[in-house]
Amino acid sequence: MPRLSAALPALLLLLAACASTPEDEIGGGAAGTGEFGNGAPGSATELGSAEEPATENDVFGSAVPGTPEDFEINVGDRVFFAFDSSTLDDDARATLDRQAAWLQQFREITVTIEGHTDERGTREYNLALGERRAAAARNYLVALGVDPSRMLTISYGEERPVDPGNDETAYRQNRRAVTVINLVN
Amino acid sequence: MRRDERMVRVTTRREPATVRDWSRRQILAGGVAACALPALAAPSTALAQVRLDITRGVVEPMPIAVSPLAGDDPSLRDTGLALAEVVTANLERSGLFRVIDRMAYIQDPESLRETPRFAEWRPINAQALVTGVVSRPGAADRLTIEFRLWDVFSGLEMRGMRYELAASNWRRTAHQISDVIYERLTGEPGYFDTKIVYVSQTGPKTQRVKRLAIMDQDGHDHRFLTDGGDLVLTPQIAPDGRRIAYFVLRTPKPRIMLMDLASGRSNELGQFSGMSFTPRFAPDGNQMLLTIAEGGKSDIFAFDPATRRTTQLTRTAAIDTSPSFSPDGRRIVFNSDRGGSPHLYTMDRDGSNVQRISFERGQYGSPAWSPRGDMIAFTRITGGFFHIGVMEPDGANERLITRSAFDESPSWAPSGRHIVFTREDPQRDRTRLFTIDSSGHNLREVATPLDASDPDWSGLLP
């Protein structure tokens, strides 16, 4: 008989609700929380607006102190990280020093610190890494005296790059923790 | 799934153990009643011998003939042809069979209602032959499908089954028939009567819109489960096939949701202090594993939805995430950077007895324990590429089976052989699902309407 084979074989309490920022029309159009609620591309406010720190020819001085524009332009809303790292380098600490001073000046403001990664990692690991980056920034601000109850964290992992490129230039921009002013509705 | 199907008892057992196993599975099933057929040919005490040897690394596909099923009228014959085509596509896609072109068949489907004239099948080198009949037992919306699997060289019947079903369920029956054939000829678990749940994505990379979707393993019966309003990630289907756990990256607080497939309704899995993600079902379908990230640390927790009790399994300052249960539920493989960079570790289900199992260069992640227990698939990033790899549960015999700019998130079919994963092509900004044999052969793209990622291959449907 022929046979083929024998082998068988954060806790985001939406602090906006309890913050006491006065109604501020000027700040209304800036980046804020809630981007993922609507899902329509292009309609959401942009996470990546205000990438650049202040330069001479921009609107320096035009932003009203204490507004998100003021924070983004005059303070710097984000810090960057090395690959697979949540260590704060000198530049990052300098930015966070300014953030702490600003937050101590405008004590009614609450923020959400968003942690992001580049795409060189698994999706799940990057969610954890993004959280670690957000926590690193938050811990540093706490050490400088900012009240922990004013700061929430959230991780976006690799889901919301600011630069869609696939090279180190893009990745450097995407490995970030962004301090976002919580807007009061 | 309809529950009003008539249950049928096994009438004949030519190979008692195997038939009993199949029958139990089929009879427990809600949708289709099945039973073994009495043999057409004179009963023989000899066992059929045709069997695919898949113990070696590279497999020569087995030539097999799949005849369209016979039918009394054109509509039944259409169904019989469609059934044969679904079975053919399944067997071909497995990489283990070569279905011989129908143009080479001499006997027509009607003459195959009787015992085949094997002499007419041997010249085309068919090792096995599938025949059958589709009939209408009475009601217009019901079908009876009989099929038989023959060993062409010995002339023996290897398997015969009868299914009684709602006519609309014919495609599922075709998958179940494919599973019977696959299992009988390979000795491995079938995997065709399964679903793949995944994340469908559209929009620019900086603002992707993601929706949960589910489809049969061959891409048919596709449907979207969420509307894109939430950013959804990493779905997993429960062993009962009725629920999907997934992660929603929603402000102010991301969370794990549990969807009931029948109603389409989702509820939050539970209230946790940090950000909870990576939901995984235990093999028994009850307990779950998840990651909770808080204060810069990510740890793995067990969660019992019945008692709402959460138990911490890892306790380090590092990232511990991406847990996956062994099929017996006793061990867990996970991803941790406690050693400095992301590697793979295993532990007992209570968190004890931790062992590192990956040691090569690069970053490892997203481990998935095979349903047969003998292998762990994973993602490894090294040399500027993402790879899917496999290793034994103690880390032995690691092999990388794919390489591209971005390959990740492997998930096993119940065969314990086929793996589905995500491949992103950055040049074309195109992300799709692919399947591959754990040997590294038989790479195939899975047809999806839009870009696709985060696949989870279900177990055999109950």
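Because the structure is predicted, anything quoted here is derived from the model rather than measured.

Caption draft 1: Molecular detail of the sheet that holds strand β17 (residues 297-304) of chain B. All names here are of chain B. If you trace the 4 strands from one edge of the open sheet to the other, you get β15-β16-β17-β18, paired in antiparallel fashion. For this open sheet the edge positions go to β15 (275-281) and β18 (309-312), each flanked by a neighbour on one side alone. Direction aside, the axes of adjacent strands within the sheet are offset by 30° on average. Pairing analysis gives 5 bridges linking β15 to strand β16 (residues 288-294), with the strands arranged antiparallel.

Caption draft 2: Region of the structure containing the domain arrangement of chain B. Residue and element names in this part refer to chain B. When cut into domains, chain B gives domain 1 (16-186) and domain 2 (195-457). Here the C-alpha centroids of domain 1 and domain 2 sit 35 Å apart. Taken together, the 7 residues of domain 1 in the interface contact 7 residues of domain 2. Among the elements that take part in the side of domain 1 that touches domain 2, helix α2 (residues 74-94) stands out by supplying 3 residues, more than any other. Residue classes in the side of domain 1 that touches domain 2 are distributed as 2 nonpolar, 3 polar and 2 charged.

Caption draft 3: Seen up close, the confidence of the model for chain A. Chain-level pLDDT for chain A is 77 on average; 66% of the residues reach the 70-or-more range. Contacts of residues 1-59 of chain A to residues separated by more than four positions or lying in other chains number 112 contacts, the stretch itself having pLDDT below 50.

Caption draft 4: View of the environment of isoleucine 436 of chain B. All names here are of chain B. Note on placement: isoleucine 436 falls in strand β29 (residues 430-437). Residues isoleucine 436 and alanine 318 lie 118 residues apart in sequence; the distance between their C-alpha atoms is 32 Å. Non-local contacts of isoleucine 436, meaning those with residues more than four positions away in its chain, are made with Ile388, Ile401, Thr402, Ile419, Asn442 and Leu443.

Caption draft 5: How the structure looks around the sheet that holds strand β1 (residues 78-80) of chain A. All names here are of chain A. Pairing is mixed across the open sheet formed by 4 strands, whose spatial order is β1-β4-β2-β3. Taken across any chain shown, the strands that pair with only one partner, and hence form the sheet edges, are β1 and β3 (151-157). This sheet shows a mean twist of 15° between the axes of neighbouring strands, independent of strand direction. Sheet contacts for helix α3 (residues 123-143): β1, β2 (111-116), β3 and β4 (176-181); angle to β3, the most-contacted strand, approximately 155°.

Caption draft 6: Quick look at the environment of proline 323 of chain B. All names here are of chain B. Turning to its location among the elements, proline 323 is positioned in strand β19 (residues 320-325). Proline 323 sits in the buried class, given 26 other C-beta atoms within 10 Å. A sequence separation of 11 residues divides proline 323 from phenylalanine 334, and the C-alpha atoms of the two residues are 4.3 Å apart. Those residues within four positions of proline 323 in sequence are excluded, and the remaining contacts are Thr278, Arg280, Leu289, Ile300, Ile332 and Phe334.

Caption draft 7: Looking closely at the nonpolar core. Within the largest apolar cluster, 144 residues are counted, with the highest numbers of intra-cluster contacts made by Ala137 of chain A together with Ile64, Val87, Ala128, Tyr246, Ile376 and Ala377 of chain B. Per-element tally for this core: the top contributor is α3 of chain A, with 10 residues. When we break this core down by domain, the ones giving at least three residues each are domain 1 (16-186) and domain 2 (195-457) of chain B. If near-sequence neighbours (up to four positions away) are discounted, isoleucine 64 of chain B is found in contact with Leu91, Phe97, Val99, Ile100, Ala126, Gln127 and Ala128 of chain B.

Caption draft 8: View of the packing of helix α2 (residues 90-105) of chain A against α3 of chain A. Residue and element names in this part refer to chain A. Running from N to C, α2 and α3 point in directions that differ by 55°, and their axes come no closer than 9 Å. Considering their axes alone, α2 and α3 lie oblique with respect to each other. Like other packed secondary-structure pairs, α2 and α3 cross with a definite hand, here right-handed. Counted together, Arg93, Leu96, Gln99, Ala100 and Leu103 of α2 and Ala137, Tyr140 and Leu141 of α3 form the full contact between these two elements. By residue class, the composition of the contact of α2 with α3 is 6 nonpolar, 1 polar and 1 charged.

Caption draft 9: Structural detail: the environment of glutamate 85 of chain B. Residue and element names in this part refer to chain B. With respect to the helices and strands, the residue glutamate 85 is situated in helix α2. For glutamate 85, a count of 15 C-beta atoms within 10 Å translates into the label partly exposed. In this structure, the C-alpha to C-alpha distance between glutamate 85 and valine 66, residues 19 residues apart in sequence, is 8.4 Å.

Caption draft 10: Geometry of helix α3 (residues 170-186) of chain B. Residues and elements named next belong to chain B. Relative to the 24 Å expected for 17 residues at 1.5 Å per residue, α3 spans 24 Å between its end C-alpha atoms, a close match to the ideal helical length. Most of α3 sits out of view: 14 of its 17 residues are buried. Glycine 187 lies just past α3 and shows a positive phi near 75°.

Caption draft 11: Representation of helix α1 (residues 68-75) of chain A within the structure. Residues and elements named next belong to chain A. Most of α1 is tucked away: 6 of the 8 residues are buried. Every buried residue belonging to α1 is among Pro68, Glu69, Asp70, Phe71, Glu72 and Ile73, and all of these are buried. Where the residues of α1 are buried, they touch α2 and β4. Looking one or two places after α1, you find glycine 76, whose phi comes out positive at around 100°.

Caption draft 12: Spotlight on the packing of α2 of chain B against α3 of chain B. Residue and element names in this part refer to chain B. Remark: α2 packs on α3, axes separated minimally by 9 Å, with the N-to-C direction vectors making an angle of 45°. Taken together, α2 and α3 sit at an angle that is classed as oblique. Viewed along their axes, α2 and α3 form a crossing whose handedness is right-handed. Across the interface between the two elements, Thr79, Leu83, Val86, Val87, Asn90, Leu91 and Ser94 of α2 pack against Trp170, Arg171, Ala174, His175, Ile177, Ser178, Ile181 and Tyr182 of α3. Here the contact of α2 with α3 is composed, by residue class, of 9 nonpolar, 5 polar and 1 charged.

Caption draft 13: Main features of unusual backbone geometry. In the segment running from threonine 251 of chain B into proline 252 of chain B, the intervening peptide bond is cis, with an omega of 0°. By secondary structure assignment, the location of proline 252 of chain B is in the loop between β12 (243-248) and β13 (255-260). Unlike most non-glycine residues, aspartate 84 of chain A shows phi in positive territory, near 50°. Structurally, aspartate 84 of chain A is set in the loop between β1 and α2. Although it is not a glycine, threonine 234 of chain B adopts a positive phi angle of roughly 45°. Using a count of 22 C-beta atoms within 10 Å as the deciding quantity, one classes threonine 234 of chain B as buried.

Quick notes on the rules
Residues numbered from 1 in each chain as written. Chains lettered and ligands numbered in written order. Predicted model: local features only at pLDDT ≥ 70, side-chain atom pairs only at ≥ 80, totals over all residues. Pairing = 2+ DSSP bridges. Helix = DSSP H or I, 4+ residues; strand = E, 2+ residues; numbered from the N terminus. Axes fitted to C-alpha atoms, helices over the stretch in contact; angles between N-to-C directions. Domains from an automatic or database assignment. Contact = placed C-beta atoms within 7 Å. Nonpolar A, V, L, I, M, F, W, Y, C, P; charged D, E, K, R; others polar. pLDDT = per-residue confidence, 0-100. Buried ≥ 20, exposed ≤ 12 C-beta atoms within 10 Å, placed from the backbone. Core = buried A, V, L, I, M, F, W, Y, C linked by C-beta atoms within 7 Å. Parallel < 35°, antiparallel > 145°, perpendicular 65-115°, else oblique. Left-handed = near helix turned anticlockwise from the far one by under 90°. Expected span 1.5 Å × (residues − 1).

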